[in-house]
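Letter by letter, the chains look like this.
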Amino acid sequence: LYQSPAACLKELINNSYDADATRVDVFIKPDADRIIIEDNGHGMDLNDFKKHFSVISESYKREGSQITELGRPKIGKIGIGFIAANEICDVMEIVSTKKGSKELLEVSIRFDLMREDPAKRRRSDTEIAKADFFGTTSETDPDSHFTQVFLKKIRNRAKDILAKARENEYAAGKTSLYGLKAETIFELLKERDLKSWVEFDD
């Protein structure tokens, strides 16, 4: 479906646009092997997630108006954001809440399990498990609204994005803590020849 990992990321950012986000941040974390997309859109709760995820390629966005509350024409039409994520990672985690809701949704989707041999995924004579996701809900501030998407265990050509980000860090000439996993940061900070924070980038 997609010619490049960037096209997959665009599909996910389209979701933020349709959620009336006024800010979307994309973080590339090479050492931690992840890409993060955060937005301040209207967010989703458990029911919204089930609507999105229950039927792939048949988006519920087609229901009702084709214009968002902010007056934007909706981009998403066929519910393939999850398929886009599947092409660039093995695991996608979503953390989200809606304004006016006290429910904070945290869910992890295991694309790697979905790609297993169908024989391993058979649940009965006629049914094959089509998805594996695990999640919880907890209480949060009803005035907050956001969505954070964590793409983990990056795969295929998307690994090139991480490799390029790593090259850019080295080219900057200063040590960067950005995009590093906790263990790597710990190793850097315990080096005795570090004398000042100015040895790091911004």
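Position numbers for residues start from 1 in each chain and track the written sequence from start to end. At least 70 in pLDDT is required for a residue's local features to be given in this predicted model, at least 80 for side-chain atom pairs to be given and counted, and no such filter applies to totals for whole chains, interfaces and linings, which use all residues. Side-chain measures were taken over the full set of non-hydrogen atoms in the model, leaving aside hydrogen atoms and water.

K.L.:
For this particular structure, what's the right way to read the pattern of salt bridges?
P.N.:
In what follows, salt bridge is the name for a side-chain nitrogen of Lys or Arg lying within 4 Å of a carboxyl oxygen of Asp or Glu. Throughout the structure, instances matching the rule amount to eight salt bridges. Among the ionic pairs, Arg-155 bridges to Asp-90, the shortest N-O distance being 3.6 Å. Taken as a pair, Arg-155 in the loop between strand S6 (146–154) and helix H5 (159–171) and Asp-90 in strand S3 (residues 89–97) lie far apart in primary sequence, 65 residues in all. Bridged by salt links that share partners, the residues Asp-90, Arg-115 and Arg-155 form one connected network. Each helix corresponds to a stretch of at least 4 residues labelled H or I by DSSP, and each strand to a stretch of at least 2 residues labelled E; elements are numbered beginning at the N terminus.

K.L.:
What is the right way to read the sheet that holds strand S5 (residues 133–139) from this model?
P.N.:
Strand pairing in a sheet is mediated by backbone hydrogen bonds. Such pairs are either parallel or antiparallel. Any two strands between which DSSP finds at least two bridges are classified as paired. Strand order in the open sheet made by the six strands is S1-S2-S6-S3-S4-S5, with antiparallel pairing throughout. With partners counted over all chains shown, the strands left at the sheet margins are strand S1 (24–29) and S5, one partner each. The sheet shows a mean angle of 10° between the axes of neighbouring strands, direction not considered. What makes two residues a contact is simply this: any of their non-hydrogen atoms within 4.5 Å. Whenever a helix is involved, its axis is fitted only over the stretch in contact; in every case the axis is a line through C-alpha atoms, and angles between N-to-C directions fall within 0 to 180 degrees. Of the strands in this sheet, S1, strand S2 (34–39) and S6 touch helix H1 (residues 5–18), which is tilted by about 20° from S2.

K.L.:
I'm lost on the pairing of S1 in this one. Help?
P.N.:
The side chains of a regular strand alternate, residue by residue, between the two faces of the sheet. Relative to S2, S1 runs antiparallel, the two sharing six bridges. Looking at S2, one finds that Val-26 is bridged to Ile-37. In this antiparallel pair of consecutive strands, S1 and S2, the connection spans four residues, and Asp-33 shows a positive phi of 55°.

K.L.:
Explain the packing of aromatic side chains to me, please; I cannot follow it from the model alone.
P.N.:
Only rings of Phe, Tyr and Trp enter the pairing, Trp through its six-membered ring, and a pair is recorded when the two centres are within 6.5 Å. The plane angle decides the type: under 30 degrees is stacked, over 60 is edge-to-face, the rest tilted. Scanning all chains against the criterion turns up one aromatic pair. A ring pair is formed by Phe-49 and Phe-133, whose centres lie 5.0 Å apart and whose planes are at 75°; its orientation type is edge-to-face. One end of the pair, Phe-49, is in helix H2 (residues 46–54); the other, Phe-133, is in strand S5, with 84 residues separating them in the sequence. Judged by relative accessible area, Phe-133 falls into the partly exposed class, the value being 37%. When the NZ atom of lysine or the CZ atom of arginine is within 6 Å of a ring's centre and also within 35 degrees of its normal, the charge is said to sit over that ring. Its end group placed over the ring of Tyr-17, Arg-72 keeps NZ or CZ at 4.6 Å from the ring centre. The rule is simple: take the accessible area with a 1.4 Å probe, protein chains only, and divide by the maximum for that residue type; under 20% is buried, over 50% is exposed, in between is partly exposed.

K.L.:
Which parts of the structure should I look at to understand the state of the cysteines?
P.N.:
By definition, a disulfide is the covalent link that joins the sulfur atoms of two cysteine residues. Two cysteine sulfurs form a disulfide in these notes if their separation is within 2.5 Å. Scanning all chains against the criterion turns up zero disulfides. With no disulfide partner, Cys-8 has as its closest neighbouring cysteine sulfur the one in Cys-89, 9.4 Å distant. Among the residues examined, Cys-8 registers a relative accessible area of 2% and is labelled buried. Residue classification places Cys-89 among the buried positions, given a relative accessible area of 0%.

K.L.:
Can you walk me through unusual backbone geometry in this structure?
P.N.:
A negative phi holds for most residues other than glycine; trans holds for most peptide bonds. The residue Lys-153 is not glycine, and still its phi comes out positive at about 55°. Mapping Lys-153 onto the fold places it in strand S6. A relative accessible area of 45% means that Lys-153 is categorised as partly exposed. Of note in this structure, Asn-156 is not a glycine but carries a positive phi near 55°. Mapped onto the fold, Asn-156 is located in the loop between S6 and H5.

K.L.:
For this particular structure, what's the right way to read the nonpolar core?
P.N.:
Burial of nonpolar side chains together is a common tendency in soluble globular proteins. Side-chain atoms within 4.5 Å link the members of a nonpolar core, which is a set of buried Ala, Val, Leu, Ile, Met, Phe, Trp, Tyr and Cys residues. Grouped together as the largest cluster of nonpolar side chains are 25 residues, with contacts concentrated most on Phe-49, Phe-82, Met-92, Ile-94, Ile-109, Leu-151 and Ile-154. Mapped onto this core, the elements with two or more residues apiece are H1, S2, H2, helix H3 (81–88), S3, strand S4 (103–110) and S6. Take this core: its biggest share by element is four residues, from H3. Apart from the residues within four sequence positions on either side, Ile-154 is in contact with Asp-33, Arg-34, Ile-35, Ile-88, Cys-89, Lys-159 and Leu-162.

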